[in-house]
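Chain and residue survey
Here are the chains, one letter per residue:
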Amino acid sequence: MEICDDNFNRPILTRSQVQYIVNDYYSNIKSKQVTVGKEYTSTKIKWQPPNRYWVKLNSDGANSYGYVAGYRGIIRDDRGGCKGGFSKFLGNCSTEKAELWGIFAGLSLAKDLGCNKVEVNMDFIKTIEMIKSGKDMNMDSYTLVKQIMELMRWFKDIKLVHTFREANRCVDALAKFGAASGNFSLFEHEVPTFIKHLLETNWLGTSIVRRTLL
């Protein structure tokens, strides 16, 4: 028997979501992002709305268990309103390529929506460097990077910005959900129920603490 508040909404695929959190935790321990018994500094990170008349594309790709990949993205205006979003299951794919597919899909959607000033936020800095320089690409990513660079020329103004994962949590959650569910979807204005609370906390300016080892 469970005792919950009247407004409690049970998240879908609860077991999968909890499992991803546990896997992330142990992965961060191995990469020394989470360390017990050492000093660290804390920084508050939060989602920031784009400049006036701009839209912000938050995109992300995820690779779970080394072989199942998916990507997700959300486009929001300068008032935090959701203009559209997307999701796709990729199957066997690297995180790097999943990130690139997320950017390509997001820019394609922004173009279809008639957005001409786009700020792209992602937490994989290597992807930003590849697109900006057009270098350090493997053959598997070359064609996709070139397509992204060509698509970027369509916009009146565009910028690629690295954001910490803590500011990209709703899209990070979407990407992992997509890798598990194997579905494809495209939505406008109305976002999936299970991330609405994350978008609301973003707009309210709720901060997430990022811990960095000294």
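Think of each chain on its own: its residues are numbered from 1, step by step along the sequence as written. Selection of residues for local features in this predicted model requires a pLDDT of at least 70, selection of side-chain atom pairs for listing and counting requires 80 or more, and totals for whole chains, interfaces and linings are taken over all residues. Note: side-chain values were computed over all heavy atoms of the structure, leaving out hydrogens and water.

1. A few points about the overall build of the protein
Where we set the bar: Here a helix means four or more residues in a row that DSSP labels H or I, a strand means two or more in a row labelled E, and each is numbered from the N terminus. The buried label goes to any residue with under 20% of its type's maximum accessible area, the exposed label to any with over 50%, and the partly exposed label to all in between, with areas taken from a 1.4 Å probe on protein chains only. Working rule for contacts: check all heavy atoms of both residues, and any pair within 4.5 Å makes them a contact. Working definition of accessibility: Shrake-Rupley area with a 1.4 Å probe, residue cover restricted to the visible protein chains.
The number of helices and strands found in the protein is six helices and eight strands. Within the protein, the fraction of its 214 residues that count as buried is 39%. Sequence separation of 24 or more characterises 74% of the internal contacts of the protein that already satisfy a separation of 6 or more. For the protein, the computed accessible surface area is about 12,700 Å², with 52% contributed by carbon and sulfur atoms.

2. Some details on unusual backbone geometry
With the exception of glycine, the majority of residues adopt a negative phi angle, and the majority of peptide bonds are in the trans configuration. Despite not being glycine, Tyr 53 has its phi angle at roughly 75°, a positive value. Relative to the helices and strands, Tyr 53 is located in the loop between strand 1 (40-45) and strand 2 (55-64). Since its relative accessible area comes to 61%, Tyr 53 is described here as exposed.

3. Observations regarding the confidence of the model for the protein
For the record, the criterion: Confidence per residue, as judged by the predictor, is encoded in pLDDT with a range of 0 to 100.
Averaged over the protein, the pLDDT score is 76; the fraction of residues at 70 or greater is 66%. Highest mean pLDDT in the protein belongs to strand 5 (residues 117-122) (94); lowest belongs to helix 1 (residues 14-30) (58).

4. Digging into helix 4 (residues 139-152)
Using the following cut-off: A helix's residues, less one, multiplied by 1.5 Å, set its expected span. Note that the arc is defined by the directions from the helix axis to the C-beta atoms.
Spanning 14 residues, helix 4 covers 21 Å between terminal C-alpha atoms, matching the ideal 20 Å at 1.5 Å per step. Burial in helix 4 covers these residues: Ser 141, Leu 144, Val 145, Ile 148, Leu 151 and Met 152. Buried residues in helix 4, looked at end-on, bunch into an arc of 120°, giving them a common side. Turned more than 90 degrees from where helix 4 packs its buried face, Met 139 and Glu 150 sit exposed. Each element contacted by the buried residues of helix 4 is listed here: helix 2 (95-112), helix 3 (125-133) and strand 6 (157-162).

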